[in-house]
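Here's the letter readout for the chains.
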Amino acid sequence: MFETNTNLAEKLYLKELHIFRIRDKCILLNVRSQEYFELLDSSLEPFLNQLQLSKAAHGKTPIDSSSFLKIKQSELKTLLGILLSTGLVQTEPRVDVKMPAIPKQHNPLIHTLLFNVIHTCNFSCIYCFAEPEVHSVSKMKMSIKTADAAISFLINNSDSEASLGIELFGGEPLLNLPVIKHIVRRVREIDRGRPNPTRFAMPTNGLLLTNEVLDFCDEYGVRVQISMDGPPLIQDRQRRLRNNIDSYDKIIDNVKNHISRHPNGISVRSTIGHGGVHLLDISKHLLTELKFSHLALIEAGGNGKESCTMDDIEEIKKQWVELGEEYIKYAREGKVWPVYPLDRNIERTRTPHKEIEACGAGKGYLTVATDGTLYPCPRFIGRKNFVLGTVFTGLSNPQLRDEFYSNYVDTREDCRKCWARYFCGGKCVALPVDYSGNLKQQPQLTCDLYRRQFEVAMFVNTVLSADGYMLDSGNNTYYNRHKEVEKGMK
C-alpha cells in the first residue's frame, strides 16, 4: 500500500526528466541515465508536465506535496508505479556534477589536419560564412612550401602508430589542384613508413570534378563528398556561380558520373539556407532520384547573409518530424534511410552513452589556413583571438588550446540546464563564437533545433520498438523480431 499523499511526497525526489509529445506518442526521458519510456496513460501527462516545470524536476527539492494532493489516490498509485518502475524517483536529492577544472595536462597530439588549400570559390552561395571582412587574411592559394610545412607539422605532432586524417578544403579546393596532388602524393610516400595509411577527404561543389580528377582520387584513395542543396529550384537559388549563373545543369553530369563510378559510396552535404526549408523534397531528390548513398542535412548558421532565421528553424523543427516518419517507413521495409543527423541520433539514443564534449576542434583536430596559420577549425579562420600558431613555428597558444580541452557541457551554464546535453555533447564549438563571441554561451536558436532532432530520434525508436522492429547493425538493415519468432514457431 502507498502512504498518504503528503507523507510520501516528503520522502521522494524527482530525478531530472524531460517529457515531450510527437504525434500520438508521449515520451518520458530520464536525462541522467538516458533511458526513455512511452507513457501509455495519457491522463498522467499533464501532471508530469507540471512536475517537470517545477523545481523538483532537477531533484533539488522534494516533490511538491500540493501537487500530489490534486490527484486521486488511484491515479497516484498509477503515477508512482511508473516513476518507481522507471527509476524516475529517488530518496535523496540529486548532487550536481561539479564543473571540471581546466586540465593541467592534455594529449597534445593531432590526429586530423584540415588544409585550407584555397580561400576563393567559383560559387557564390547565399549563406557562405566566409565573409571577406572576417577572412581577409586568407584570400589566397596555399603554396607548396606551406603545404610541405603543414605535412611536417602533422607528422611531427601526431602518434607515429595512428591512422591520420587530412581534409582538403576551400573555398573550392579543386581551384588549387596542383597543390592537392602534391599533398596527396607526398603523404602517400610518407605512408610507406607508417603502419596505417592516411585518410583523405575532399568536399567539392562538383563544377571541376572531371574524369581526370576522379581518376587521381581513385588512385590515391581520396574520398570525395559533393556539396549540393537539392533539386534545380533549390540548388540554383542557393548555390549560384560567381557570374550569377544557375549551377545545377553545370554540375549534374559530373555528379552523376561520380555516383556511377561508386554507386554505393558517395555522400552529399545539403545546406539549408534562409527560406529554403524543404527537407523531404531535398532528401528524396538526392537519395532516391540521384542515388547518393548518404545525405547530411545541415542548417546554415553563423554570420552568412542568408543564414537560417528563427522562422526557418521553427519550420525545420516541424519538418524533422516528417523526416522521422519517412525513416520509419523505410525501416518497415527493412531499410535504413541514410540521412544525417537523423540516422546518427537514432543510433545515439538507442544505447545510453554520455557525450560530454563536442567535436575535436582545437584539440586533436586543427586547421591550417592558406598562409600557414593554425586555427581550431575552418570556421575560425581570420579570427585573431583564435590563432594557435603556425606550421612554420609550431603551436604557440597553449592557453587557448586548454580552453578547448576544458570545454565540456558541464562547464557551460546554458548546457548544464539542457536535458539533451549528454546526447549532443555541446555540438559545434564555432557556433557560440559566431553568435555571442565566446565559446561558452550557446546559441539557443540552434540548440532548440538540436533538441527537437533528438526528440524525433527517440520518437522513431519508440515507434519501431513498439512494432517489433530491430536494427541489424552488421547488415545495416531492419528486421521484425515478432515475425522472426513466428517463423521459428512454424
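A. Expanded view of the overall build of the chain. Secondary structure summary: the chain contains 18 helices and 20 strands in total. The buried share of the chain, reckoned over its 490 residues, is 53%. Long-range contacts, defined here as pairs at least 24 residues apart, represent 72% of the contacts in the chain between residues at least 6 apart. When the accessible surface of the chain is summed, it comes to about 22,300 Å², and 52% of that surface belongs to carbon and sulfur atoms.

B. Fine view of the side chain of E326. Within the secondary structure, E326 sits in helix α11 (residues 310-332). Look past the residues within four positions of E326 in its chain and what remains in contact with it is L280, K284 and W337.

C. Focus on the sheet that holds strand β2 (residues 17-22). One open sheet accounts for 3 strands, arranged β2-β3-β4; its pairing is antiparallel. Two strands in the sheet have a free side with no partner beyond their single neighbour: β2 and β4 (35-38). In this sheet, adjacent strand axes meet at a mean angle of 20 degrees when their direction is disregarded. Here β2 runs beside strand β3 (residues 25-30); their pairing, made up of 6 bridges, is antiparallel. The partner of I22 across the bridge, within β3, is K25.

D. Representation of the layout of surface pockets. As a volume, the second largest pocket reaches approximately 310 Å³. Counting residues per element, the ones that place at least two in the lining of the second largest pocket are β4, α12 (342-350), α17 (444-466) and β19 (469-472). Broken down by element, the lining of the second largest pocket gets its largest block of residues, 5 residues, from α17. Residue classes in the lining of the second largest pocket are distributed as 8 nonpolar, 5 polar and 3 charged.

E. View of the sheet that holds strand β14 (residues 339-340). If you walk across this open sheet you meet the 11 strands as β14-β13-β12-β10-β9-β8-β6-β15-β16-β17-β18, and the pairing is mixed. The open sheet terminates on both sides in strands that have one partner only, identified here as β14 and β18 (394-395). Where strand β10 (residues 222-227) meets strand β12 (residues 267-272), 2 bridges bridge the pair, whose relative direction is parallel. Across the sheet, residue S227 finds its bridge partner in β12, namely R269. Across the sheet, helix α5 (residues 144-156) is in contact with β6 (112-116), β8 (165-169), β15 (365-368), β16 (373-375) and β18; its angle to β6 comes to roughly 170 degrees. Across the sheet, helix α10 (residues 279-289) touches β12, β13 (294-299) and β14, and the angle it forms with β13 is around 150 degrees.

F. A look at the nonpolar core. Among the nonpolar cores identified, the biggest contains 114 residues, and F115, L168, I183, M228, F292 and F380 are the most heavily contacted of them. With residues up to four places along the chain from it excluded, the contact list for M228 reads Q235, R239, Y248, I251, I252, V255, V268, R269, S270, L286, L290 and F292. In terms of nonpolar packing, the next biggest core, distinct from the first, is built from 13 residues, L14, L48, L79 and L83 among them.

G. Fine view of the pairing of β19. Where β19 meets strand β20 (residues 477-480), 4 bridges bridge the pair, whose relative direction is antiparallel. Each residue of the ladder has a partner; that of M470, found in β20, is Y479.

H. Seen up close, the packing of aromatic side chains. Following the criterion strictly, the structure yields 7 aromatic pairs and no others. Ring geometry for Y327 and Y478: centres 6.0 Å apart, planes at 90 degrees, overall edge-to-face. Taken as a pair, Y327 in helix α11 and Y478 in strand β20 lie far apart in primary sequence, 151 residues in all. Where F380 meets F386, the ring centres are 4.8 Å apart and the plane angle is 45 degrees; that geometry is what we call tilted. Taken together, the ring pairs connect F380, F386 and F404 into an aromatic cluster. Over the ring of Y422 we find K354, and its NZ or CZ is 4.7 Å from the ring centre. Over the ring of Y450 we find K427, and its NZ or CZ is 4.8 Å from the ring centre.

I. Representation of helix α9 (residues 248-261). Between its first and last C-alpha atoms α9 spans 20 Å; for 14 residues at 1.5 Å apiece the expected length is 20 Å, and the two agree. Listing the buried residues of α9 in full gives Y248, I251, I252, N254, V255, H258 and I259. Looking at the buried residues of α9, the elements they touch are β7 (123-125), α7 (211-220), β10, α8 (232-238) and α10.

J. Structural context of the packing of α7 against α9. Where α7 contacts α9, the two axes come as close as 11 Å, and the packing angle between them is 30 degrees. Judged by the angle between their axes, α7 and α9 are roughly parallel. Here the hand of the crossing between α7 and α9 comes out right-handed. Seen from α7, the contacting residues are N211, L214, D215 and D218; seen from α9, they are N257, H258 and R261. The residue makeup of the contact of α7 with α9, split by class, is 1 nonpolar, 3 polar and 3 charged.

K. Molecular detail of the environment of R332. Mapped onto the secondary structure, R332 falls in helix α11. Separated by 137 residues in sequence, R332 and Y469 have C-alpha atoms that sit 7.3 Å apart. Residue contacts for R332: discarding those within four places in its chain leaves V463, D467 and Y469.

L. Structural context of the environment of H258. Examined against the element boundaries, H258 turns out to sit in helix α9. Excluding anything up to four places from it in sequence, H258 contacts L209, L214, V224, I226 and I266.

M. A look at the pattern of salt bridges. One pass over the full model with this rule turns up 24 salt bridges. Residue R421 is joined to E16 by a salt bridge in which the shortest nitrogen-to-oxygen separation is 2.9 Å. In this pair, R421 sits in helix α15 (residues 421-424) while E16 sits in the loop between β1 (13-14) and β2, placing the two residues 405 residues apart along the sequence. In this pair, the class of R421 matches that of E16, namely buried. Linking E413 and K417 is a salt bridge whose minimum nitrogen-to-oxygen distance equals 3.5 Å.

N. Here's a closer look at the packing of α12 against α17. Relative orientation of the contacting elements α12 and α17 amounts to 65 degrees, with a least axis distance of 8 Å. Of the possible angle classes, the one that applies to α12 and α17 is roughly perpendicular. Judged by the twist between their axes, the crossing of α12 over α17 is right-handed. Contacts between α12 and α17 involve L342, N345, I346, R348, T349 and R350 on the former and, on the latter, Q453, F454, V456, A457, M458, V460 and N461. Classifying every residue of the contact of α12 with α17 gives 7 nonpolar, 4 polar and 2 charged.

Rules behind the numbers
Residues numbered from 1 in each chain as written. Predicted model: local features only at pLDDT ≥ 70, side-chain atom pairs only at ≥ 80, totals over all residues. Heavy atoms only, no water. Helix = DSSP H or I, 4+ residues; strand = E, 2+ residues; numbered from the N terminus. Buried < 20%, exposed > 50% of the residue type's maximum accessible area, 1.4 Å probe, protein only. Contact = heavy atoms within 4.5 Å. Areas by Shrake-Rupley, 256 points an atom, 1.4 Å probe, with all protein chains shown as cover. Pairing = 2+ DSSP bridges. Axes fitted to C-alpha atoms, helices over the stretch in contact; angles between N-to-C directions. 1 Å grid on protein atoms, 1.4 Å probe; cavity = no way out; pocket = protein on both sides within 12 Å on 5 of 7 lines; lining within 4 Å. Points joined across faces, edges and corners; volume = space filled by probe spheres on them. Nonpolar A, V, L, I, M, F, W, Y, C, P; charged D, E, K, R; others polar. Core = buried A, V, L, I, M, F, W, Y, C linked by side-chain atoms within 4.5 Å. Phe/Tyr/Trp six-rings, centres within 6.5 Å; stacked < 30°, edge-to-face > 60°. Lys NZ or Arg CZ within 6 Å of the ring centre and 35° of its normal. Expected span 1.5 Å × (residues − 1). Parallel < 35°, antiparallel > 145°, perpendicular 65-115°, else oblique. Left-handed = near helix turned anticlockwise from the far one by under 90°. Salt bridge = Lys/Arg side-chain N within 4 Å of Asp/Glu carboxyl O.

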